[in-house]
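Each chain, letter by letter, is given below.
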Amino acid sequence: MERAAKDQEEFKAKKVEGGGGERQRKDNKVQEGQSSRRAYLRELKKVVDTADVLLQVLDARDPIGSRIGSSFEDIILSRADKKMVLILNKIDLVPKTIVGDW
């Protein structure tokens, strides 16, 4: 019983000391996510700058939902030297009439 009481006191002491630990971990995760997004956008910019033709692979079941954001697409296509090719993937899973309409 004495050991259980001692362990409980130690646990309470740690909880008081590290009260903001969970918030700090969440803030760190947000910062890591933002920095990884910035790194991704930097790499994307490098690829777009060096490419002449960009291939955008779309899921034939939901081509609109699998496209990149319209703002990104507008930025890329605003440059006269860039061309974008849309490729429908998994076309065998969609009826031919729907693919023809798209």
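The structure under discussion appears in the preceding block.
All values derive from a computational prediction rather than experimental measurement.

Is there a simple way to think about the environment of Val-48 in this case?
Mapped onto the secondary structure, Val-48 falls in helix 2 (residues 21-50). The buried category is assigned to Val-48, whose relative accessible area is 10%. Between the C-alpha atom of Val-48 and that of Ile-76, which follows or precedes it by 28 residues, the distance is 7.4 Å. Setting aside residues up to four positions removed in sequence, Val-48 forms contacts with Leu-54, Ile-76 and Lys-82.

Can you help me understand the pairing of strand 2 (residues 83-89) in this one?
Looking along a regular strand, one sees the side chains alternate between the two faces of the sheet. Two strands pair when backbone bridges link them, and strand 1 (residues 53-59) and strand 2 are joined in this way by seven bridges, in the parallel orientation. By the bridge assignment for strand 2, Asp-59 is matched with Asn-89. Running through helix 3 (residues 70-77), the crossover from strand 1 to the neighbouring parallel element strand 2 is right-handed.

Quick question: what am I supposed to make of the pattern of salt bridges here?
A pair can form between side chains of opposite charge whenever their charged atoms are brought close. Applying the stated rule across the entire model yields four salt bridges. Between Asp-49 and Lys-45 there is a salt bridge, with the nearest N and O atoms lying 3.0 Å from each other. Here Asp-49 pairs with Lys-45, and both are found in helix 2, just four residues apart, close to one helical turn. Since its relative accessible area comes to 53%, Lys-45 is described here as exposed. In this structure, Arg-67 engages Glu-73 in a salt bridge whose closest nitrogen and oxygen atoms are separated by 2.6 Å. Given the relative accessible area of 27%, Arg-67 is considered partly exposed. On the basis of relative accessibility, which here comes to 12%, the residue Glu-73 falls in the buried class.

Sorry if this is basic, but what is going on with unusual backbone geometry here?
Peptide bonds are, in most cases, trans, and in most cases residues other than glycine have a negative phi. A positive phi angle, close to 60°, is found at Lys-90, a residue other than glycine. Note on placement: Lys-90 falls in the loop between strand 2 and helix 4 (96-101).

The rules we used
Residues numbered from 1 in each chain as written. Predicted model: local features only at pLDDT ≥ 70, side-chain atom pairs only at ≥ 80, totals over all residues. Heavy atoms only, no water. Helix = DSSP H or I, 4+ residues; strand = E, 2+ residues; numbered from the N terminus. Buried < 20%, exposed > 50% of the residue type's maximum accessible area, 1.4 Å probe, protein only. Contact = heavy atoms within 4.5 Å. Pairing = 2+ DSSP bridges. Right-handed = clockwise from strand over helix to strand, strands pointing away. Salt bridge = Lys/Arg side-chain N within 4 Å of Asp/Glu carboxyl O.

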